[in-house]
Amino acid sequence: MAGIMVSASTGVMNSLLGKLATLMGEEFAKLKNLRKEVKYISDELNSMKDALESLADVDEMDKQTARWRDAVREMSYDIEDIIDDFICKIGEKSKKSRFVHDTIQRLRTSRVRHKIAGQIEDIRKLVRETSARSERYKVGVPTSRNVAVDQRVVALYEDAAKLVGMDGPTNELVSWLKDEENELKVVSIVGFGGLGKTTLANEVYHKLKGEFNCGAFVPVSQKPNILKLLHSLLAQLGCGQSIHDCELNVLLDQLRDNLKTKRYLVIIDYLWDVSAWSIIKCAFPVNNLGSRLIVTTRIKNVAEACCFGHHERILEMKPLSEEDSRKLFFNRIFFSEEACPGQLRDVSVEILKKCAGLPLAIISISSLLASESSQQKERWKHVQNSLGSVSGTNLTLEAMRHILNLSYKNLPHHLKTCFLYLGMFPEDYTIYRDDLVGLWISEGFVSTACGQSPEQTAISYFNELVNRSLIQPLWIDVGGSVRSCKVHDMLLDLILYKSAEENFITPVDNPEAITGQLQKPRRMLFNLAGATLPGDVSMSQVRSFAMWRGSMNIPSLSYFKYLRVFIADFRFSSADDNQKINLIGLCKLYQLRHIQIRGCWNCQLPTQIRGLQMLETFHIDGSCIPMDIFLLPHLLDLCVPGVKRLPEGIGKVKSLQHLYPFDTLHTSLDSIKGLGELTNLSSLVLTTVFSEDVDMDVLNSSLAKLCNLEWLKIFSSLIPEALTLSPPPPNLVTLLMRKRSGRAPNWIGELRNLQNLDLTVEKLNKDGVGILAELPALIYLQLKFDRALEETIAIDGAAFPVLKRFDVTWENMRHLAFQAGAMPKLQRLHLDLNARGWNQDENAAPTGIEHLLALERIYVMIVSGTEYEKRSAESAIRSAINMHPSHAHIKLDLQCLDVHGK
């Protein structure tokens with residue numbers, strides 16, 4: 001966990017130890033008594049940190065050890081608060097070289113020395129008492145533990161006659177395995193936990209094992225004992241008695257020798273990582289006897305590694321259909337759907353919606369309902385309401401929690417922390433990757449010791465959670481990057497359950513539950529509508545606060561002394577012009593890193609925030625922006641879409657990486673010059689109406705200096721040809737130019753690293769097509785024509801060499817033609833068409849679609865025109881697709897909007 005300041009397992013120990021190291025620095029060493037006391041505290045805390053890290057790997061521990069762990073973790077927060085107070089009172093920490101010297105001068109005054117001595121003594125007492133408690137109760141890291149029974153074992157003994165929704169996947173997998181290939185074949189079953197991978201593998205194994213000389217079904221744990229696994233293989237495959245003390249290579253050789261003349265079928269169930277597979281696969285010789293291996297896993301890149309790159313050998317499990325979900329649910333309770341009482345029909349629909357087709361969820365809940373009082377509607381409603389509940393006392397999801405907990409336990413410590421943080425978002429909320437990444441950084445969850453920027457590291461964390469199927473991708477861009485996601489209800493339940501154990505997030509969902517939940521909350525998910533918190537609840541310990549319900553009863557900010565993150569959505573509050581939500585106190589929360597507010601028109605915001613020297617992110621949607629925003633030395637992300645004129649001095653905030661918007665029309669010449677000073681800027685939105693008042697030479701000069709710019713959006717009703725990016729930013733990957741006239745500018749051809757281009761033009765002549773066609777890295781092109789086009793747009797052979805997606809929108813275009821060799825890697829074609837004036841004789845549909853050899857999907861939106869014209873357009877499109885050699889495999893999404901033309 002090196003480089004991670006905050007984690008669910010160790011609290012703020014790493015952050016705290018770093019601050020204590022500052023107090024023991026060279027200058028502070030002159031205060032001998034202080035340094036001696038701090039060294040004692042630091043040594044004790046280092047030992048405690050080591051113990052916490054060890055305990056983080058223990059699945060179960062006795063109550064005394066668990067209480068001691070919790071006490072140490074909470075103590076780290078308390079001590080950090082004391083030190084932060086001390087630092088704040090003696091002077092704000094800055095990069096100035098005289099800070100430590102000035103601090104020492106203050107410490108030499110008797111009053112300040114007396115006060116800090118008292119604070120250090122308080123810390124020492126906390127540490128001493130916690131250390132004594134571990135000795136008194138003999139707290140220690142368990143050296144051995146009982147292994148809980150793996151509930152997947154139940155799936156191995158499920159009666160095949162009771163299986164639902166398995167016929168299709170079973171038949172598909174059997175057909176793969178029973179082909180005529182004699183070489184060793186490995187197939188993978190991949191999917192989210194609870195979809196039935198083990199059940200499917202077991203069913204196929206029992207269907208086919210009689211056709212092989214020998215077989216084995218071997219489950220793999222999260223941290224597998226490879227020697228034990230190989231011994232199990234030897235026993236099941238009938239390879240004779242193995243010697244338990246022998247080396248790994250001896251076991252592998254014994255397996256290979258015994259299998260080299262046999263046709264074998266082996267299931268490797270629940271493989272968690274590629275490194276384990278690299279050893280396991282060595283046990284299986286390639287003997288050309290038609291042997292088969294089946295691997296089940298939750299992780300897609302593991303499935304791909306096992307299949308040696310043969311993607312056609314990966315079976316991706318899908319949730320049950322609505323029909324199969326009902327069948328499984330009702331059969332386990334009433335033995336048939338027809339036997340379900342009428343009063344339970346509606347509530348059963350809602351329960352099944354929350355189960356989302358997951359067999360594990362359906363089986364767990366239906367088993368509960370079948371156990372007692374199966375026809376009491378109140379009982380069913382209670383189960384429905386318990387799904388996704390934040391309470392840790394409900395027993396309805398215990399079986400599911402045990403299975404889902406396998407995914408959580410297998411995560412490295414830093415990913416456990418990031419995963420649990422998903423609980424700060426409400427149910428069914430769309431979580432945008434960039435927002436989440438920024439929050440992880442502000443919270444201190446991201447390691448800074450791996451050579452990457454914090455943002456790059458956080459994105460890699462996000463991608464790993466996606467790969468492990470712990471978050472559901474929503475928006476995936478053409479390059480394959482997941483840009484937004486959701487958390488499945490059942491995983492959210494697990495997150496909140498684990499968060500309660502770790503005191504990581506405290507969700508507040510109803511007034512009755514508040515008092516029992518809020519002991520010493522660290523992160524609060526405030527999900528109340530129209531309720532107030534009890535007066536006896538202390539908020540001083542809260543580090544992060546998120547409120548999503550638009551409540552007018554937000555606690556006073558004066559309570560949140562040590563707040564790091566503030567998120568609030570007031571868009572749906574009942575405030576009027578005479579009743580504003582007072583957020584002026586934000587300027588006094590000196591530890592704030594992240595401010596995100598929506599619905600700012602209902603708020604009173606501070607006019608100055610220069611005291612927030614740690615602030616990194618400032619997102620608001622109102623027109624009010626503090627005039628001293630550019631005096632913040634660590635500001636990374638400024639998003640203020642309601643603001644036209646930014647304050648003066650933007651060039652001072654050298655740390656800025658993201659800026660939205662920058663309006664050149666309402667900005668001074670000095671600010672346009674200052675834009676060029678932001679050499680760390682990676683994303684920028686220019687939103688303006690260009691006019692003679694804008695000095696284009698100055699703007700072009702500033703844009704040319706943004707050497708780290710990766711994402712640029714220019715949003716304007718008219719973009720003059722005088723605007724250029726020459727020389728272009730060398731790292732520019734995405735360019736969006738929304739305008740109403742003009743043509744493709746020549747300088748776009750210089751963007752050699754451009755991958756995504758969204759361009760609105762009046763016309764696109766042959767030269768314009770050529771400029772775009774030669775971009776060597778372009779994978780996504782979206783073209784919109786805002787006026788009628790009479791000329792043909794021809795895509796020549798060898799044009800757009802790596803383009804994967806092409807979107808075209810036109811008001812009235814006569815012809816689009818693809819020539820042989822054009823767009824050789826194009827997978828998706830999206831056409832927005834105007835059908836007015838079409839008929840089958842005009843041949844107005846795009847031609848040459850048959851030349852797009854990599855095409856997989858076509859999306860067509862037909863608007864305007866009569867019903868006859870729309871049908872003619874649809875017929876022409878289908879005829880064009882039918883000329884493609886692989887037309888049977890191309891998916892066509894065709895939609896005709898119900899808009900009648902004149």
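See above for the structure.
Residues numbered from 1 in each chain as written. Predicted model: local features only at pLDDT ≥ 70, side-chain atom pairs only at ≥ 80, totals over all residues. Heavy atoms only, no water.

Draft legend 1. Quick look at the overall build of the protein. Check the secondary structure of the protein and you find 26 helices and 29 strands. Split into buried and exposed, the 902 residues of the protein put 51% on the buried side. Surface exposure of the protein reaches about 40,700 Å², of which carbon and sulfur atoms provide 49%. (Helix = DSSP H or I, 4+ residues; strand = E, 2+ residues; numbered from the N terminus. Buried < 20%, exposed > 50% of the residue type's maximum accessible area, 1.4 Å probe, protein only. Areas by Shrake-Rupley, 256 points an atom, 1.4 Å probe, with all protein chains shown as cover.)

Draft legend 2. Inspection of the side chain of aspartate 78 at higher detail. Position of aspartate 78 among the secondary structure elements: in helix H3 (residues 63–90). When near neighbours in sequence (up to four residues on either side) are disregarded, aspartate 78 contacts Leu126, Lys520, Arg522 and Gln541. (Contact = heavy atoms within 4.5 Å.)

Draft legend 3. Broad picture of the pattern of salt bridges. This structure, assessed with the given rule, holds 32 salt bridges. In this structure, glutamate 350 engages lysine 353 in a salt bridge whose closest nitrogen and oxygen atoms are separated by 3.6 Å. Separated by 3 residues within a single helix, glutamate 350 and lysine 353 lie in helix H14 (residues 345–355), roughly one turn from each other. Take glutamate 350: its relative accessible area is 33%, and that puts it in the partly exposed class. Exposure remark for lysine 353: the relative accessible area of 58% places this residue in the exposed category. Two residues, arginine 610 and aspartate 628, come together in a salt bridge whose shortest N-O distance is 3.2 Å. One end of the pair, arginine 610, is in the loop between strand E15 (603–604) and strand E16 (617–620); the other, aspartate 628, is in the loop between E16 and strand E17 (637–639), and 18 residues separate them in sequence. (Salt bridge = Lys/Arg side-chain N within 4 Å of Asp/Glu carboxyl O.)

Draft legend 4. View of a nonpolar patch on the surface. Nonpolar side chains collect at one region of the surface, where Tyr432, Leu474 and Trp475 lie side by side and expose about 340 Å² of accessible area between them. Mapped onto the elements, leucine 474 comes out in strand E7 (residues 472–476). (Patch = residues over 30% accessible without salt bridge, like charges linked within 9 Å, V, L, I, M, F, W, Y side chains within 5 Å.)

Draft legend 5. Representation of the sheet that holds strand E6 (residues 431–432) in the model. Across the sheet, 3 strands lie side by side as E6-E8-E7; this open sheet has antiparallel pairing. Either end of the sheet is taken by a strand with one partner, and the two such strands are E6 and E7. Pairing geometry for E7 and strand E8 (residues 482–486), over 4 bridges, is antiparallel. From the neighbouring strand, proline 473 faces E8, where its bridge partner is cysteine 485. (Pairing = 2+ DSSP bridges.)

Draft legend 6. Inspection of the packing of aromatic side chains at higher detail. In this structure the tally under the stated criterion is 12 aromatic pairs. Plain terms: the ring middles of tyrosine 421 and phenylalanine 445 are 5.3 Å apart, the flat faces sit at 75° to each other, and that makes the pair edge-to-face. Taken together, the residues tyrosine 421 in the loop between helix H18 (413–420) and E6 and phenylalanine 445 in the loop between helix H19 (433–443) and helix H20 (454–467) connect sequence positions 24 residues apart. Phenylalanine 445 matches tyrosine 421 in its accessibility class, with the two residues each being buried. Aromatic pair phenylalanine 806 and phenylalanine 818: ring centres 6.5 Å apart, planes at 90°, arrangement edge-to-face. Placement of phenylalanine 806 in strand E25 (residues 805–810) and of phenylalanine 818 in strand E26 (residues 813–818) is noted, with a sequence separation of 12 residues between them. Of the two residues examined, phenylalanine 806 and phenylalanine 818, each falls in the buried class. Here the aromatic cluster, defined as three or more aromatic residues joined through ring pairs, consists of Phe329, Phe330, Phe334 and Trp380. Over the ring of tryptophan 475 we find arginine 483, and its NZ or CZ is 5.8 Å from the ring centre. Positioned over the ring face of phenylalanine 504 is arginine 523, at 4.4 Å from the centre of the ring. (Phe/Tyr/Trp six-rings, centres within 6.5 Å; stacked < 30°, edge-to-face > 60°. Lys NZ or Arg CZ within 6 Å of the ring centre and 35° of its normal.)

Draft legend 7. Summary view of the nonpolar core. If you look at the biggest cluster of nonpolar residues, it comprises 112 residues, and the most contacted ones within it are Phe566, Leu583, Ile597, Phe618, Leu659 and Leu684. The greatest single-element share of this core, amounting to 5 residues, is contributed by helix H26 (residues 867–882). Here phenylalanine 618 is in contact with Ile595, Ile609, Ile625, Pro626, Ile629, Leu635, Asp637, Leu638, Cys639 and Val640, once residues within four sequence places are set aside. Leu328, Cys355, Trp380 and Trp548 belong to the second-largest nonpolar core, a separate cluster that totals 84 residues. (Core = buried A, V, L, I, M, F, W, Y, C linked by side-chain atoms within 4.5 Å.)

Draft legend 8. Highlighting the pairing of E16. Here E16 shows no split at all, with Thr617 and His619 on one side and Phe618 and Ile620 on the other all buried. Sheet analysis places strand E14 (residues 594–598) next to E16, joined by 4 bridges and oriented parallel. When the bridges of E16 are listed, isoleucine 597 appears paired with isoleucine 620. Looking at chain direction, E16 and E17 are connected through 3 bridges and run parallel. Residue pairing for E17: threonine 617 is matched across the bridge by aspartate 637.

Draft legend 9. Main features of the environment of tyrosine 40. Within the secondary structure, tyrosine 40 is located in helix H2 (residues 32–55). Considering only alpha carbons, one finds tyrosine 40 and arginine 128, 88 residues apart in sequence, at a separation of 9.9 Å. With residues near it in sequence (within four places) discarded, tyrosine 40 still touches Arg124 and Arg128.

Draft legend 10. The arrangement of the packing of H19 against H20 in detail. Look at H19 against H20: their axes get within 9 Å of each other, and the N-to-C directions meet at 120°. Considering the angle they form, H19 stands oblique to H20. As H19 runs across H20, the sense of the crossing is right-handed. Contacts between H19 and H20 involve Arg433, Leu436, Val437, Trp440 and Ile441 from the first element and Pro454, Glu455, Ala458, Ile459, Tyr461, Phe462 and Leu465 from the second. Of the residues in the contact of H19 with H20, the class split is 10 nonpolar, no polar and 2 charged. (Axes fitted to C-alpha atoms, helices over the stretch in contact; angles between N-to-C directions. Parallel < 35°, antiparallel > 145°, perpendicular 65-115°, else oblique. Left-handed = near helix turned anticlockwise from the far one by under 90°. Nonpolar A, V, L, I, M, F, W, Y, C, P; charged D, E, K, R; others polar.)

Draft legend 11. Structural detail: the pairing of E8. Inspection of the sheet shows E6 paired to E8 by 2 bridges, in the antiparallel sense. In the strand pairing of E8, tyrosine 432 is matched with serine 484.

Draft legend 12. Molecular detail of unusual backbone geometry. With an omega of -5°, the peptide bond between tyrosine 660 and proline 661 qualifies as cis. Relative to the elements of secondary structure, proline 661 occurs in strand E18 (residues 658–662). Phi at tyrosine 270 takes a positive value of approximately 65°, unusual for a residue other than glycine. Counting through the fold element by element, tyrosine 270 comes out in the loop between strand E3 (264–269) and helix H11 (274–280).

Draft legend 13. Layout of helix H24 (residues 696–704). Those residues of H24 that fall on the buried side of the exposure criterion are Met696, Val698, Leu699, Asn700, Ser702 and Leu703. Looking at the buried positions of H24, the neighbouring elements they touch are helix H23 (669–675) and strand E19 (683–687). For H24, the capping residue at the N-terminal end is aspartate 695, with a side-chain oxygen 3.2 Å from the backbone nitrogen of aspartate 697. (Polar contact = N/O pair within 3.5 Å; in protein donor to acceptor, adjacent residues only side chain to side chain.)

Draft legend 14. Main features of the sheet that holds strand E5 (residues 314–316). Spatially, E2-E3-E4-E1-E5 is the arrangement adopted by the 5 strands of the open sheet, whose pairing is parallel. Strands with a single pairing partner mark the edges of an open sheet, and in this sheet they are strand E2 (214–219) and E5. The mean angle between the axes of side-by-side strands here comes to 15°, regardless of whether they run parallel or antiparallel. Across 6 bridges, strand E1 (residues 185–190) lies against strand E4 (residues 292–297) in parallel orientation.

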